[in-house]
Amino acid sequence: MNIRTDAPDRQHPRASLDAEGVRDAYRRWAGVYDAVFGGVSAPGRRRAVAEVNRLPGTRVLEVGVGTGLALPHYRREKRVVGIDLSREMLDRAAERVRAEHLGQVVGLAEMDAERMAFADDAFDIAVAMFTASVVPDARRLFAEMSRVVRPGGDLLFVNHFAAEAGPRWWVERTMSPLARLLGWHPDFALRDLLDPEATRVEAMEACPPVGLFTLIRVRNPAAPALLAAA
Ligand SMILES: C[S@@+](CC[C@H](N)C(=O)[O-])C[C@H]1O[C@@H](n2cnc3c(N)ncnc32)[C@H](O)[C@@H]1O
């Protein structure tokens with residue numbers, strides 16, 4: 001798969017998109033998010049939720065739940081908690097839960113995914129859809145998801161990862177200074193999320209359209225080591 005795992009000219013964490021930048025960006029996006037991004041991201045989102053539904057365990061955390069586009073697709077047996085930094089995005093998710101009577105959604109909370117208020121091992125599964133390239137520090141996100149999921153549980157990510165070369169690589173590199181305006185990092189690489197040498201990726205699958213997005217599943221490793229490394 002043509003995913004760039006190196007990030008030779010960048011240090012963690014990135015400074016260009018901090019928590020206030022995320023809130024600003026998604027305050028602007030909230031009203032049009034579903035219309036602009038809902039369609040192109042739908043196959044990846046459906047695939048990630050199908051994987052969550054297939055996995056054992058009912059306690060599910062959706063990180064960066066946004067307007068709640070995924071929420072209607074979780075099986076009724078799951079118990080889903082969604083968190084997000086953006087009040088405006090969460091308001092739309094809450095409206096969806098009310099309008100569609102989504103009993104599987106047991107909580108929505110305004111919370112920073114890099115500093116979650118949940119206890120260790122509180123969930124069986126954590127999933128972040130199109131969120132890892134938005135958070136200011138994706139390694140910190142990964143460590144926190146690992147902490148709140150029980151050992152042996154599952155961490156899932158569906159995201160766009162930067163190309164290695166070619167026209168897409170050029171476009172992503174050229175767009176990277178616009179992260180604050182866009183609300184995500186166009187040049188986000190897999191290595192920005194996890195250390196490929198230290199973390200075993202159980203499954204990696206390209207998702208439509210044209211493999212633009214990738215679904216990744218990681219069996220939750222021991223959290224303390226990850227937190228120390230973050
Ligand atoms: C591109 S949207 C994806 C929304 C949703 N997952 C979807 O599939 O449509 C990214 C979301 O991540 C949220 N987000 C970014 N950084 C976050 C953080 N540190 N903690 C919680 N949510 C965050 C944003 O507010 C935004 O709603």
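Anyway, here's the lowdown on the structure attached to this text. (Residues numbered from 1 in each chain as written. Predicted model: local features only at pLDDT ≥ 70, side-chain atom pairs only at ≥ 80, totals over all residues. Heavy atoms only, no water.)

1. Examining the overall build of the protein
- A tally of helices and strands in the protein yields eight helices and seven strands.
- Sorting the 230 residues of the protein into buried and exposed places 52% on the buried side.
- Across the protein, the fraction of contacts at a sequence separation of at least 24, relative to all contacts at a separation of at least 6, is 76%.
- If you sum the accessible surface of the protein, you get close to 10,100 Å²; carbon and sulfur atoms cover 56% of it. (Helix = DSSP H or I, 4+ residues; strand = E, 2+ residues; numbered from the N terminus. Buried < 20%, exposed > 50% of the residue type's maximum accessible area, 1.4 Å probe, protein only. Contact = heavy atoms within 4.5 Å. Areas by Shrake-Rupley, 256 points an atom, 1.4 Å probe, with all protein chains shown as cover.)

2. Observations concerning the site of the ligand
- Near the ligand you find 20 residues, and of these Tyr33, Gly64, Asp84, Ala113 and Met129 are the closest.
- Take Gly64: an N or O atom from its main chain is 2.7 Å from a nitrogen atom of the ligand.
- One nitrogen or oxygen atom from the side chain of Asp112 is found 2.9 Å from a nitrogen atom belonging to the ligand.
- Relative to its free-state accessible area of 600 Å², the ligand is covered by the protein chains to the extent of 98%.
- The set of elements that each furnish at least two residues to the shell around the ligand consists of helix H1 (19-29) and helix H2 (33-54).
- Split into classes, the residues belonging to the shell around the ligand amount to 12 nonpolar, four polar and four charged. (Near = heavy atom within 4 Å. Polar contact = N/O pair within 3.5 Å; in protein donor to acceptor, adjacent residues only side chain to side chain. Nonpolar A, V, L, I, M, F, W, Y, C, P; charged D, E, K, R; others polar.)

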